[in-house]
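What the coordinates show
Spelled out, the chains give:
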Amino acid sequence: MPAANAPSTIATNGDEATARPLRARITSHLGIDPRALGAFRIGLGLVILFDLLVLRASGLETFYTDDGVLPRAALADTSPTLAQWSLHAISGSLWVQALLLGLTVILAVCLLVGYRPRLAAVGTAVLLASLYARNPYLVNGGDTILISVLFLATFLPLDARWSLRSHRQDDSRHLSVATATILLHVVVIYAINAILKFQSDPWTSGVAVRRIFHLEDFVYLFGPTLAEYPAVLTGISWLWTAVLSASVLLVVATGYLRIAIVAAFVGAHLSMATTMRLGAFPFVMCAVLLLFLPPQVWAFVDRLVTESGVSSPLAPVLLETDDPKPSAGRSLLVRRGLRVATAGLLVCVLVGLVGWQITAAGLVETPSSGADSRLEGASWAFFAPNPPDSYSWYVVEAEYESGKSIDLVDGGEVSFDRPPNAMDRYPTTLWKRYGTKTQGAGAVAQPAAAYFCEQTSTDVESVTIYQVDQSVDADGPVGEPVPQQRSAVTCG
C-alpha cells in the first residue's frame, strides 16, 4: 500500500517545490516588509495630525460652520449629494465641528501608536471623507489619495511592527491581495501622470516647470529663488517626467534598483514640499513609498536603532507579543470565504480607482458634465497634461456709508495692480486653497461676501469681491492683471 501511494506523494511534493520559488519571486515584487508597514502607519498618522491640527483647526469656524464662508445652505445648493451624507453637515455649530475634529485626532493618534490600527484607519478615513465633503473647495488630489490609502490600509497588518501591540514573529515579507493592491495603486497614480505628461507640449518641450514656478501665489520657501534659474527648471521638468516614466520599476525592480527608484521619488516629493504649496500630498506619497523599501533597508534601520540604544527606553511601550492563534471554533470554510470575498473587493476597488482616474484625466471619452465637473477636480493629474497659465488673487472692496472704499484684505486702497507677492493676499493656506477652488463659482462667492459683511464694522454699506487674474508663460507674467467681479452684497 505505501508503494502504491508513492507516485502521488512525489507529485505533490514536486508541485510544492515548484510553487515555493514562484511565491518567493512574487513576494519580492508585491510583498511588504512588516517594518515598512509600521513606518507607513506612523507616517500616515503624523501627516493626518499635521493636516488637522496645523492647517485645518485654525479655520474650523471660517470654513466649516454656518457662520463661515460656506454655510450648509450654500453647500446644499452647490453639492446636494455631499451635503446629504457628510456627517459634519448635521450641524453648523462650531462645537460640533470641534467635537468631530477631536474624534478624528484621537483616531489618528491610535493609528500613529498602533492601537487597533485597522479600526483607527477606517474610522479616520470615514471622518476625513466627511470633513472633505463638508467643504469640497478645500480638497486637493493629495487629500483624496490619503482617503484611498487609508481604506486600503484597513486590509493590511498595520500592527506588524512598532505598535502598542505588535504581533511579531519574524521579519519575512507579507504577501496578499491587499499588499499587491496598495502597491499597484501607487504605481497607477504615477503611470497615469506620466502618460498625461507625454501628451503635453509644455512637458515634452521642458517649459512646464518654468511656467509653474512663475505662479506667484503657489511657490514659496525656495521656490522664488529657484525660479531665477530657467535652465535648472527645464532640467527638472524632463527629470520628473523621466522619474514618472520609471514608476513601473517600483514593482518590477527589486533590491538596490528599487531602493534607487524609491529614493528618486521621495527626493522629488520633498523638493516639491520645500518649493510649492501642495498641502499634504508630498508627505502622503513619502509615507506610501516606504511600503516599497525592501528588507535590506529595514535591516540597516534595525542595526542603527540597536547600536544607538534607542530601543531600550521604548521597550516598555512597544509591546511585542506572539501572534494570537485563531479561534478553534472558527470554521476553516468561513475563513476561506472571507479571504475570497476580501480579495474580490480589493480587486474591484483597484479597478474602480483606475477607471475613475482614467476617466477623470480625460484618457477616455465620456459624456462631459461641464468644466466644473467634480470628477475633473478629483483627478490626480497634478499639473498634467498642461500646467496653469495664470494665477489669481482677490480684492475685497468694502464701501462705507461715507463713500470711502478700502480693500479688506490689507486695509489699504482698492487697487488691481499686481502685488509683489500674490500669496500675501491670502491670510492662510486654507484661504488660498478656497480662493483657487472657487474660481468662477458664483454660488459660493455670494455667501463669502456676506461673511465679510459680518466681519466688518456696522457702517460698511456693501462688500464686493473681485478676482484678479494674471497670465504667465515660461518667462514670467504676460500682460496686465484682469479683474472680474465675483459677487456683491449689501450689508446690514
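Residues numbered from 1 in each chain as written. Predicted model: local features only at pLDDT ≥ 70, side-chain atom pairs only at ≥ 80, totals over all residues. Heavy atoms only, no water.

Turning next to the state of the cysteines. This structure, assessed with the given rule, holds 1 disulfide. There is a disulfide in this structure between C453 and C491, and the S-S distance comes to 1.9 Å. Handedness of the C453-C491 disulfide follows from its S-S torsion of about -65°: it is left-handed. Taken together, the positions of C453 in helix α22 (residues 442-455) and C491 in the segment after β6 (476-490) put the pair 38 residues apart, joining distant regions of the chain. With respect to class, C453 is no different from C491; both count as buried. (Disulfide = S-S within 2.5 Å. Helix = DSSP H or I, 4+ residues; strand = E, 2+ residues; numbered from the N terminus. Buried < 20%, exposed > 50% of the residue type's maximum accessible area, 1.4 Å probe, protein only.)

Two elements in contact, helix α8 (residues 141-153) and helix α16 (residues 281-289), have axes separated by 8 Å at closest approach and are oriented at 30°. Relative to α16, the element α8 is oriented roughly parallel. Two packed elements cross with a definite hand, and for α8 against α16 that hand is left-handed. For the pair α8 and α16, the contacting residues are G142, I145, L146 and V149 in the first and F281, V284, M285 and V288 in the second. Each residue belonging to the contact of α8 with α16 can be placed in one class, and the counts come to 7 nonpolar, 1 polar and no charged. (Axes fitted to C-alpha atoms, helices over the stretch in contact; angles between N-to-C directions. Parallel < 35°, antiparallel > 145°, perpendicular 65-115°, else oblique. Left-handed = near helix turned anticlockwise from the far one by under 90°. Contact = heavy atoms within 4.5 Å. Nonpolar A, V, L, I, M, F, W, Y, C, P; charged D, E, K, R; others polar.)

Take unusual backbone geometry next. If you check the backbone angles, W162 has positive phi at about 55° while not being a glycine. Among the secondary structure elements, W162 is positioned in the loop between α8 and β1 (165-167). Positive phi, normally seen in glycine, also occurs at L221, with a value near 50°. According to the relative accessible area criterion, L221 is exposed, its value standing at 56%.

So, about the packing of helix α2 (residues 34-56) against helix α7 (residues 117-134). At a minimum axis separation of 12 Å, α2 and α7 run at an interaxial angle of 30°. Accordingly, the angle class assigned to the pair α2 and α7 is roughly parallel. In the crossing of α2 with α7, the sense of the turn from one axis to the other is left-handed. Between α2, through R41, I48, D51, L52 and R56, and α7, the contact on the second element is made entirely by P117, T124, L128, L131 and Y132. Of the residues that constitute the contact of α2 with α7, the class distribution is 6 nonpolar, 1 polar and 3 charged.

We now examine helix α6 (residues 94-113). Residue pairs three or four apart in sequence face the same way in an α-helix, which turns once every 3.6 residues. Given a rise of 1.5 Å per residue, 20 residues ought to cover 28 Å, and the 29 Å separating the end C-alpha atoms of α6 matches this to within 8%. Looking only at α6, the buried set comprises V96, Q97, L100, L101, T104, V105, L107, A108, C110, L111 and L112. The elements touched by buried residues of α6 are α2, α3 (60-64), α7 and α8. Just downstream of α6, G114 is the residue with a positive phi angle, here 85°. (Expected span 1.5 Å × (residues − 1).)

What follows deals with α16. For α16, the buried fraction is high: 8 of the 9 residues fall into the buried class. Residues F281, P282, V284, M285, C286, A287, V288 and L289 constitute the buried set of α16. Packed against the buried residues of α16 are α2, α8, α9 (177-198), α14 (249-252) and α15 (255-273).

Burial analysis of strand β3 (residues 390-400) places 9 of its 11 residues in the buried class, which makes it a mostly covered element. Of the strand pairs in this sheet, β3 and strand β4 (residues 405-407) are connected by 3 bridges, and their pairing is antiparallel. The residue bridging E399 from the neighbouring strand is S405, located in β4. (Pairing = 2+ DSSP bridges.)

A few words on the packing of aromatic side chains. Tallied over the entire structure, the rule returns 14 aromatic pairs. Ring geometry for F63 versus W431: centroids 5.0 Å apart, planes at 65°, classification edge-to-face. One end of the pair, F63, is in helix α3; the other, W431, is in helix α21 (residues 429-437), with 368 residues separating them in the sequence. Accessibility expressed as a relative area gives 1% for F63, which makes it buried. On the basis of relative accessible area, W431 is assigned to the buried category, the value being 17%. Here a set of aromatic residues connected by ring pairs shows up, and it is made of F63, Y137, W431, Y434, Y451 and F452. Over the ring of Y426 we find K432; its NZ or CZ atom is 5.9 Å from the centre of that ring. (Phe/Tyr/Trp six-rings, centres within 6.5 Å; stacked < 30°, edge-to-face > 60°. Lys NZ or Arg CZ within 6 Å of the ring centre and 35° of its normal.)

The subject of this paragraph is the side chain of D469. Within the fold, D469 resides in strand β5 (residues 460-473). The buried charged residue D469 lacks any salt bridge partner; its closest oppositely charged side chain belongs to R486, at an N-O distance of 5.1 Å. Only 2.7 Å separates the side chain of D469 from the side chain of Q484, close enough to count as a polar contact. D469 has contacts with Y391, S392, E480, P481, V482 and Q484, leaving out every residue within four places of it along the chain. (Lys, Arg positive; Asp, Glu negative; His and termini not counted. Salt bridge = Lys/Arg side-chain N within 4 Å of Asp/Glu carboxyl O. Polar contact = N/O pair within 3.5 Å; in protein donor to acceptor, adjacent residues only side chain to side chain.)

Moving on to the pairing of β6. Of the strand pairs in this sheet, β5 and β6 are connected by 11 bridges, and their pairing is antiparallel. Bridging across to β6, Y466 finds its partner in Q485. The hairpin formed by β5 and β6 contains 2 residues between the paired strands.

On inspection of all chains with the given rule, the structure shows 13 salt bridges. A salt bridge links D143 to R433; its shortest N-O distance comes to 3.2 Å. Here R433 lies in helix α21 and D143 lies in helix α8, a separation of 290 residues in the sequence. Each member of the pair D143 and R433 is classed as buried. A cluster of three or more residues bridged by salt bridges with shared partners is formed by D33, R35, R161 and D302.

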